[in-house]
Amino acid sequence: MNVVRLTAAGAGAHAPAAGPSSFPDAGALPDTAAEVAAVFGRYERALREADVAVLTELFWDDPRCVRYGVADRQYGATEIAAWRAANPGVPPGRTLSETVVLATSPTTAVVSTLFGYPDSPAEGRQTQTWVKLPEGWRIVAAHVSEVPA
């Protein structure tokens, strides 16, 4: 297992996690973690810039794809694309912290991050499962929530 921790800006220092792993490829996936960190950065830029085309592209184009939002849920690429078109971006000032990219195989990774906004006491939590498909890395499942600070 390889874990990449990103700085609050979403890129930078990469520190492998310490400790034992139950994954067979333990320690052998730094390239996978780096690839997913880069595509996650692309996703975050698109989210901040309300780039619906990129946001739609990065979700798996399949009816089995699932996205649970703070106050919404979508099942399948069609619902996700329609929701994203109606809700293209996030409020200004979004910040990330404690971002972790966990590569579990050469074709699968999970990204977990905390997010926040200026003047909001809530703590946002976001988890995405990424799979490397023939067309590239895609989110196959996502969950976003907020909890009071």
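Residues numbered from 1 in each chain as written. Predicted model: local features only at pLDDT ≥ 70, side-chain atom pairs only at ≥ 80, totals over all residues. Heavy atoms only, no water.

Undergrad: Quick question: what am I supposed to make of the packing of aromatic side chains here?
TA: What characterises a pair of aromatic rings is the spacing of the ring centres plus the angle enclosed by the ring planes. Throughout the structure, instances matching the rule amount to three aromatic pairs. Taking 6.3 Å as the distance between ring centres and 65 degrees as the angle between the ring planes, the aromatic pair formed by tyrosine 43 and phenylalanine 59 counts as edge-to-face. Of this pair, tyrosine 43 sits in helix α1 (residues 30-49) while phenylalanine 59 sits in the loop between α2 (52-57) and β2 (66-68), and the two are 16 residues apart along the sequence. Of the two residues, tyrosine 43 and phenylalanine 59, neither departs from the other in class, the shared state being buried. Geometrically, the ring pair formed by phenylalanine 115 and tyrosine 117 is edge-to-face, given 5.9 Å between the ring centres and 75 degrees between the ring planes. (Phe/Tyr/Trp six-rings, centres within 6.5 Å; stacked < 30°, edge-to-face > 60°. Helix = DSSP H or I, 4+ residues; strand = E, 2+ residues; numbered from the N terminus. Buried < 20%, exposed > 50% of the residue type's maximum accessible area, 1.4 Å probe, protein only.)

Undergrad: Before we go on, may I ask you to explain the environment of arginine 42 in this structure?
TA: Within the element layout of this structure, arginine 42 appears in helix α1. Note: C-alpha distance between arginine 42 and leucine 55 (13 residues apart in sequence) is 9.0 Å. With sequence-adjacent residues up to four places away left out, arginine 42 is seen in contact with Val54, Glu57 and Leu58. (Contact = heavy atoms within 4.5 Å.)

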